[in-house]
Protein chains: 2
Amino acid sequence: MMKFGIVFCLVLVCLQLQAQQYILYSPNGNLKCSLQIDNAGALSYTLQSGNTELIKNSQLGFNLKNAKPLKSDFVFVFTDTSVTDETWNTVWGESKTIRNNYHRRILTVQQKTTGIILQIECKIFNDGLGFRYLFPQQDNLKYFIISDELTEFHVNGNHNAFWLPGDFDTNEYAYTQSRLSDVHAIESAQKYPEIATRNPIGDNIVQTPLLLKSDDGWYMSIHEAALVNYAAMELIVDKQNFILTTTLAPDALGNLCYLSAPCSTPWRTIIVSKKATDILASRIILNLNAPCVIENTTWIKPMKFIGIWWGMHVDKYTWNYSNSKNINIETTDWTSLKPNGKHGATTENAMEYIDFAASNGFDGVLIEGWNVGWEDWFGNWKENVFDFVTPYPDFDVDAVQAYAEKRHVQIIMHHETSGSVTNYERRLPAAIDFMKAHNYHAVKTGYVGKIIPRGEYHDGQWMVNHYIYVAEMFAKNEIMLDAHEPVRPTGLSRTYPNWLACEAARGNEFNAWSKGNPPEHETILPFTRLLGGPMDYTPGIFQIKMDYYDAKKTTQVHTTLAKQLALYVTMYSPFQMAADLPENYRAHPDAFQFIKDVPVDWDETKYISAEPGDYIAIARKEKNGNNWYLGAITDENARTLNLSLDFLDSGKDYIITIYCDGETADWKNNPMDYRIEKYRVNSKTILSQTLAPGGGAAMEITLAKSDELQGLKLYKNKGK
Amino acid sequence: MMKFGIVFCLVLVCLQLQAQQYILYSPNGNLKCSLQIDNAGALSYTLQSGNTELIKNSQLGFNLKNAKPLKSDFVFVFTDTSVTDETWNTVWGESKTIRNNYHRRILTVQQKTTGIILQIECKIFNDGLGFRYLFPQQDNLKYFIISDELTEFHVNGNHNAFWLPGDFDTNEYAYTQSRLSDVHAIESAQKYPEIATRNPIGDNIVQTPLLLKSDDGWYMSIHEAALVNYAAMELIVDKQNFILTTTLAPDALGNLCYLSAPCSTPWRTIIVSKKATDILASRIILNLNAPCVIENTTWIKPMKFIGIWWGMHVDKYTWNYSNSKNINIETTDWTSLKPNGKHGATTENAMEYIDFAASNGFDGVLIEGWNVGWEDWFGNWKENVFDFVTPYPDFDVDAVQAYAEKRHVQIIMHHETSGSVTNYERRLPAAIDFMKAHNYHAVKTGYVGKIIPRGEYHDGQWMVNHYIYVAEMFAKNEIMLDAHEPVRPTGLSRTYPNWLACEAARGNEFNAWSKGNPPEHETILPFTRLLGGPMDYTPGIFQIKMDYYDAKKTTQVHTTLAKQLALYVTMYSPFQMAADLPENYRAHPDAFQFIKDVPVDWDETKYISAEPGDYIAIARKEKNGNNWYLGAITDENARTLNLSLDFLDSGKDYIITIYCDGETADWKNNPMDYRIEKYRVNSKTILSQTLAPGGGAAMEITLAKSDELQGLKLYKNKGK
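Quick caveat: nothing in here was measured; it's all calculated off a predicted structure.

Conventions and cut-offs
- All residue numbers here refer to positions counted from 1 along the written sequence of the relevant chain.
- All chains are assigned letters beginning with A, and all ligands numbers beginning with 1, in the order in which they are written.
- Restriction of local features to residues with pLDDT of at least 70 applies here, the model being predicted, together with a cutoff of 80 or more for giving and counting side-chain atom pairs; totals for whole chains, interfaces and linings are based on all residues.
- Hydrogens and water are ignored here; the side-chain numbers use all heavy atoms of the structure.
- Helix and strand assignments follow DSSP, with helices taken as H or I runs no shorter than four residues and strands as E runs no shorter than two, numbered in order from the N terminus.
- Only protein chains enter the accessibility calculation, which uses a 1.4 Å probe. A residue is then buried if its area is under 20% of the maximum for its type, exposed if over 50%, and partly exposed in between.
- Working rule for contacts: check all heavy atoms of both residues, and any pair within 4.5 Å makes them a contact.
- Once two parts are brought into contact, the accessible area they lose, counted with a 1.4 Å probe and summed over both, makes up the buried area.
- Whenever Lys or Arg places a side-chain nitrogen within 4 Å of a carboxyl oxygen from Asp or Glu, that contact is recorded as a salt bridge.
- Under this definition, polar contacts are N or O atom pairs within 3.5 Å; protein pairs additionally need one hydrogen-donor-capable and one acceptor-capable atom, and for neighbouring residues in sequence, both atoms have to be side-chain atoms.
- All copies are superposed by least squares; the fitting set is the C-alpha atoms of residues with a pLDDT of at least 70 in both.
- Any two strands with at least two DSSP bridges between them are considered paired.
- Working convention: axes come from line fits to C-alpha atoms, limited for helices to the stretch in contact. Angles between N-to-C directions cover 0 to 180 degrees.
- Small angles under 35 degrees read as roughly parallel and large ones over 145 as roughly antiparallel, with 65 to 115 read as roughly perpendicular and the rest as oblique.
- Residue type decides the class: Asp, Glu, Lys and Arg count as charged, Ala, Val, Leu, Ile, Met, Phe, Trp, Tyr, Cys and Pro as nonpolar, and the leftover types, Gly among them, as polar.
- Only Phe, Tyr and Trp rings take part, Trp by its six-membered ring, and two of them pair if their centres are within 6.5 Å. Stacked means planes under 30 degrees apart, edge-to-face means over 60, and tilted covers everything else.
- A ring has a charge above it when a Lys NZ or an Arg CZ is no more than 6 Å from the ring centre and no more than 35 degrees off the ring normal.
- The predictor's confidence in any single residue is recorded as pLDDT, a number from 0 to 100.

It is worth spelling out the overall build of chain A at this point. What chain A contains, in helices and strands, is 13 helices and 36 strands. With respect to the principal axes defined by its C-alpha atoms, chain A has extents near 75 × 75 × 50 Å. Taken over 720 residues, chain A has a buried fraction of 67%.

Take a look at the structure:
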């Protein structure tokens, strides 16, 4: 990491002024942030691009418990600014390096009556703003409790919004598109009874990352970065004035955050651009997180994996070994239970999956339901659900591990907590010892259900700290983490790159057993949820309709098969599952080839074309290689995208393999119709790619060896 | 353990009757318990002795959350009764064996509308009653939440009560004696601002064990036994009708207990007698607890110990190493802090204490303040307070341990949690590893402050389970436990005999720095708090007045020095501290001899004479020996007790050494005036022992060898 110094540092000693303004411009001068102290000593900010006031005058401050509000009566103490332009190397990611270029201002103010010193730190980038509050070490403030964060985002109109209902326990809703004035969060939340733990907060409250699009063409994403020792933020929508006000997940007592100076809040972030693809390309969230704290990262390796998992979602398998409900994690003799005959995590199945993984070049096999407790795991706010170390009688941990090692496949551990976090924390050291003893280096955690400590939310300060605690514990033990049902990510994978992925959104699994995810779903996620970090979406479902398993089933995946392939490129994750059953891959070996080939780590990414809710096309260059992969997806509408391959090295010949929708493909009527085409292409090629309704296209573009070009026709640009 | 079978078993198939009664007599026939189902199907009970209705008709039942109340609409299903008369061996205790002799009835009823099956299990002993609720495995009830336990104790008059203000966070109040109609708990609680975490619940709510004395001379103690997976009980006093109704510690959400059938509640216990000493002698609480679950108990050994501890209470030492407040358990470089020069737990002090312990025959040395974090440990609801493994720079764990082992003294570990239980549970495995690596076999835990998970009380179900979890974890690792500030004990030391003692009451420490404990305090504790299990009261303070340390101090211990000695006998504990500083013991080597000699484990105990709030005299026979020890204490009033030594073997000569108050002794004016006398005594001796105001006498009675009798005069009974 290089840091190009502090360019200027300005200290004004000026303890009482009227209506002061402190301006900060982005490195390219296009964005302007202004911090204000008004006559009453209240703090606010604005964000402008040219003459457009993207964020109008917006309040800053807090209410504290049993103390004077920190929202007015401030006087200026000093300010300084600095410039940073540095480039840092990712451990894994969408690109090998990331440029971190911003102008920074710290404004220090003091509340006259209390003497409390507060600082606002702003970093303005060419593509947006991050700001946070700092509480420096001081005599007038040590321990305090936030009872309200007052930060506003006063947007300049009744923008179109892509929103999820505000809920401190789940992010597994589908998105609603509406004007801000038409947000009806409770009404929306009621449409998703299939979500296990659902607590919508209020009819006008929405989640972040919130994507907005103004009528004059601005895209704006509001989120937060580096959520550490603080509660997650959601936004209260003022539907008349379009002011979005922070609301934080409370604890059981209604307190929001317990803090102790010196400390800081997470960054409040606003990514802005008139180009949709700039939102996808923004690295503000990662840049605002602390650098990696893991000294040796050589053991952290992105993974592509299969798993004994989808079988449970389609009712081929069960997580539980028996159907007995009278079990007790401490006392039950598991061998005495009557097996239900459908248990997925058997030694035999595990070995079959290991064979399949080894034969097809997968790094790992996830095995869920291997450990005792699943007979009575969910929905009863039970504390001692799992012990994370005891296998079911039909799962021979040692034999499975020995076989996996022989076949050079890693077993991915599974820790479902059922939301019983106190139980998990108690047992975590033993669970880690177990993993180390068995040479496991990756784990998928889960937080289905209401949290214990009872009254805590998934998104509260205590849980936020828990997820980080777990990531740190795993980092110390060289274990990679994929967390399901945690708080939504805020870029902490920069600091803890062993934390490969999270779920924290509506994943593919909902397609197996609920109304599922609308075809537009995957065109919105990269503009929202994925801005905080990778998602374990579990793409790759080939058997689209669930009546294949049972004629009575009416559920289905709401994409074509080709779009499932494209998701490996459009939904970036260093922890990608090939989620379907081996038998379904064996039925389509040609399409499966793309999943086998597509990398999970990248040197470079090009956001070719995108419109949230409609379509996305992204190209990525494999890590340490010359091949490119391109994914293009659409919503429920068929469309043809013109995709320039100008990112290829000019003057070189490439071979493209296109896995795309067949002529009659349609997510609803003919989802499994696909075709595979091969062409010569070069940097002048402009693909005219047609996508079916709910469809997509996945492409591999390899540098051609001369003998491979024989007989391969050049892709012909349209109109030429 | 022997069990003398089930004498008769009676099953009635009778699904609808009117106002039914089910009677159970104590083994000696003196007590009679009646269970009733009235015309509305409501359950109740009474307890009678002859014609005296000690407990009048008292309601049984529950309110459940989001379900029909379990309090009426019950019909009889069946009942059975049995008789048990067995004797079990204690691992340690006031006696070597305990007789468990009771008649038992289980009454099974079904609620008509819900189909829920409920059972009431009663065990009636010659000295009282225990009953509990059972929820058997059934189809109509699995998971449920108790929102109210409705159990009543309807006593037969406006009895005198010895009570503590109801409070789910502390038991560290002094007792108030008043009629039930004069209970004013909030008013009482306000007198104790020195209690760190104080949350009185209501003006008419008192704690258990509650001691009552009726005008016709009945003593009655209401408490609970085997508090496991349930919230602690306190009692709401109806001051007009003298009905005491159960109230349970809630969690942060106001829920009381999360249960899952099959399960049971703790036992509700009523110990009754017309003799005060029978209350002290009752073993009902222990008998109602489950037998020991630790297979090998040979490593569990009662201990007498000293400690680096009182020095902190008298401001000679500090727990903290520096006076810096800006510390962080994860990041602070402790060696960089400026020592405050008063840190108690230094290597040097530890070695001095080890020497003193070794020279005087103590088993162990407790060292508090050895570990980092004390600079900012208390009162701020901070989560990461201690790590339990990192010593201060001036405490060399390995050197201290090596020296202790060389001198055959055990170091007692100290784990103050500061109420941050989530932090403690996270770190407990590492803390245990640390203890094992350093050969520690005993630990004192502490729970000063508000609990984290925030909103939980010290006495709530979650914390009740936590204390047991800790005791179990320590049992597995052959570590003995002394818990400070936990829920009050309910006899669980029978099940977990490694759990030697608890504080859970107002200990001697309050005498160092607050208004202290009134002289009657120690005459009440054995009738109340100690019925649940041993207390680490920390007796043995010789330097009674604190102006010795600082002329400005006005605090003092509210006893004479001789009474401090007597407490080693009257306050039974297998974990007894000699709490004062070595220098104060060195100043009084003759009195100190008693502390050196007195055992901490017993074959037999005789409760000679007692009146709660006034005086107690107890004699105990040492474990596996012939010597007896006698303690007699009084309240603020001087008195002369006639103490028959008829428990001695008849026809044998004994030598008694009496450590008693001097002629002018008085707890306030001359507390350190004591004298030591020696006599010949035998089983016909009746000591006429005068106790000073706030005074006491401690006696050692040894079987005399013939050469020891030379020149020793026979104690002359008064009037002879």
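Taken residue by residue, the interface counts 25 residues in chain B and 25 residues in chain A. By the criterion of area lost to chain A, the three top residues of chain B are Tyr143, Arg426 and Arg454 of chain B, representing 29% of everything that side buries. There are 2 salt bridges connecting chain B and chain A. Among the salt bridges present, the one from Glu425 of chain B reaches Arg426 of chain A, with a minimum N-O distance of 2.4 Å. At the surface where chain B touches chain A, the tally comes to 6 residue pairs in polar contact (both at pLDDT 80 or more).

For these two chains of identical sequence, chain B goes onto chain A by a turn of 180° and a shift of 0.0 Å along the axis, with RMSD 0.0 Å. Considering both components of the superposition, the chain copies are consistent with a two-fold axis.

All names here are of chain B. Strand order in the open sheet formed by 6 strands is E29-E30-E31-E36-E33-E34, and the pairing between neighbours is antiparallel. At either margin of the open sheet sits one strand with a lone partner, and together these are strand E29 (602-611) and strand E34 (674-681). In this sheet, adjacent strand axes meet at a mean angle of 15° when their direction is disregarded. Two elements, E29 and strand E30 (residues 615-622), share 8 bridges in a ladder whose sense is antiparallel. Bridging from a neighbouring strand, Tyr607 pairs with Ile618 of E30. Running over the sheet, helix H11 (residues 561-570) touches E30, strand E31 (628-634), strand E33 (654-661), E34 and strand E36 (696-703) and is turned about 125° from E31. The strands touched by helix H13 (residues 589-597) are E31, E33, E34 and E36; relative to E33, the strand with the most contacts, the crossing angle is about 120°.

We now examine the environment of His558 of chain A. Residues and elements named next belong to chain A. Position of His558 relative to the elements: it lies in the loop between helix H10 (521-524) and helix H11 (561-570). Judged by its relative accessible area of 12%, His558 is buried. Discounting chain neighbours no more than four positions away, the residues touching His558 are Asn511, Lys515, Gly516, Asn517, Pro518, Pro519 and Trp667. A polar contact of 3.2 Å, which involves the side chain of His558, links it to the backbone oxygen of Lys515. Separated by 3.0 Å, the side chain of His558 and the backbone oxygen of Gln556 make a polar contact.

With that settled, consider the pattern of salt bridges. One pass over the structure, following the stated rule, counts 62 salt bridges over all chains. For Arg680 of chain A, the salt bridge is made with Asp653 of chain A, and the minimal N-O distance between the two is 4.0 Å. Of this pair, Arg680 of chain A sits in strand E34 (residues 674-681) while Asp653 of chain A is found in the loop between strand E32 (639-644) and strand E33 (654-661), placing the two residues 27 residues apart along the sequence. Between Arg675 of chain B and Glu663 of chain B there is a salt bridge, and its shortest N-O distance comes to 3.7 Å. Separated by 12 residues along the polypeptide, Arg675 of chain B in strand E34 and Glu663 of chain B in the loop between E33 and E34 bring together distant segments of the chain.

All names here are of chain A. Here 7 strands make up an open sheet; going across it, the order is E27-E26-E25-E24-E23-E22-E28 and the pairing parallel. Each of the sheet's edge strands pairs with one partner strand only, and the pair in question is strand E27 (499-502) and strand E28 (575-577). On average, adjacent strands in this sheet sit at an angle of 25° to one another, irrespective of strand direction. As judged from the 3 bridges shared by strand E23 (residues 364-367) and strand E24 (residues 410-416), these two strands associate in the parallel manner. Bridge pairing in E24 places Gly364 opposite Gln410.

All names here are of chain A. Where helix H7 (residues 421-437) contacts helix H8 (residues 461-476), the two axes come as close as 11 Å, and the packing angle between them is 5°. Between H7 and H8, the angle is such that the two are roughly parallel. Where H7 abuts H8, its residues Val421, Tyr424, Glu425, Leu428, Ile432 and Met435 lie against Trp462, Met463, His466, Tyr469, Val470, Met473 and Phe474. Class assignment of the residues belonging to the contact of H7 with H8 gives a composition of 11 nonpolar, 1 polar and 1 charged.

So, about the side chain of Arg427 of chain A. Of note, Arg427 of chain A is situated in helix H7. Residue classification places Arg427 of chain A among the buried positions, given a relative accessible area of 17%.

Further remarks concern the environment of Asn89 of chain A. Residues and elements named next belong to chain A. By secondary structure assignment, the location of Asn89 is in strand E6 (residues 74-89). Separated by 203 residues in sequence, Asn89 and Cys292 have C-alpha atoms that sit 10.0 Å apart. Apart from the residues lying within four places of it in its own chain, the contact partners of Asn89 are Lys96 and Thr97.

Before going further, it helps to spend a moment on the packing of H11 of chain B against H13 of chain B. Residues and elements named next belong to chain B. Put simply, H11 and H13 touch, their axes get as near as 10 Å, and they point 10° apart. Judged on the interaxial angle alone, H13 and H11 are roughly parallel. For the pair H11 and H13, the contacting residues are Leu561, Leu565, Tyr568 and Val569 in the first and Ala591, Phe594 and Ile595 in the second. The residue makeup of the contact of H11 with H13, split by class, is 7 nonpolar, no polar and no charged.

We now examine unusual backbone geometry. Residue and element names in this part refer to chain A. Residue Pro453 follows Ile452 across a cis peptide bond; omega there is 20°. Tracing the chain through its elements places Pro453 in the loop between strand E25 (442-446) and H8. A positive phi is found at Asn624, a non-glycine position, where the angle reads about 55°. Its place among the elements puts Asn624 in the loop between strand E30 (615-622) and strand E31 (628-634).

Enumeration over the complete set of coordinates arrives at 74 aromatic pairs over all chains. Seen from their ring centres, Trp628 of chain A and Phe647 of chain A are 4.5 Å apart, and the 40° between their planes marks the pair as tilted. Highlighted residues: Trp628 of chain A in strand E31 and Phe647 of chain A in the loop between E32 and E33, separated in sequence by 19 residues. Summarising the burial analysis for this pair, Trp628 of chain A and Phe647 of chain A share the class buried. Plain terms: the ring middles of Tyr22 of chain B and Phe76 of chain B are 5.0 Å apart, the flat faces sit at 10° to each other, and that makes the pair stacked. Taken together, the residues Tyr22 of chain B in strand E1 (residues 20-25) and Phe76 of chain B in strand E6 (residues 74-89) connect sequence positions 54 residues apart. With relative accessibility at 7%, the residue Tyr22 of chain B sits in the buried group. Here the aromatic cluster, defined as three or more aromatic residues joined through ring pairs, consists of Trp319, Trp374, Trp377, Phe378, Phe386, Phe388 and Tyr424 of chain A. It is Arg454 of chain A that lies over the ring of Tyr258 of chain B; its NZ or CZ is 3.6 Å from the centre.

Looking now at the confidence of the model for chain A. Detail in the predicted coordinates should be disregarded across regions flagged by low pLDDT. Residues and elements named next belong to chain A. Mean pLDDT over chain A works out to 96, with 97% of the residues at or above the 70 mark. Predicted confidence is poor over residues 1-17, with pLDDT under 50, and the contacts of this stretch with residues over four places away or in other chains come to 35 contacts. Across the interface, the model reports ipTM at 0.93; the global pTM reads 0.95.

Attention shifts here to the pairing of strand E29 (residues 602-611) of chain A. Taking burial as the measure, the 10 residues of E29 of chain A include 7 buried ones, the bulk of the element. Hairpin connection, E29 of chain A to E30 of chain A: the antiparallel pair is bridged by 3 residues, and Gly613 of chain A has positive phi, about 85°.

Our focus in this paragraph is the pairing of strand E21 (residues 267-273) of chain B. All names here are of chain B. With 7 of its 7 residues buried, E21 lies for the most part within the structure. Pairing of strand E9 (residues 128-135) with E21 involves 4 bridges; the strand directions are antiparallel. By the bridge assignment for E21, Leu129 is matched with Ile270. Alignment of strand E16 (residues 219-225) against E21, held across 7 bridges, turns out to be antiparallel. Within E21, the position partnered with His223 by the bridge is Thr269.

Another point: H11 of chain A. Helical periodicity: at 3.6 residues per turn, an α-helix aligns residues three or four positions apart in one direction. Counted residue by residue, H11 of chain A has 10 buried out of 10 residues, so it is predominantly covered. Among all positions of H11 of chain A, only Leu561, Ala562, Lys563, Gln564, Leu565, Ala566, Leu567, Tyr568, Val569 and Thr570 of chain A are buried.

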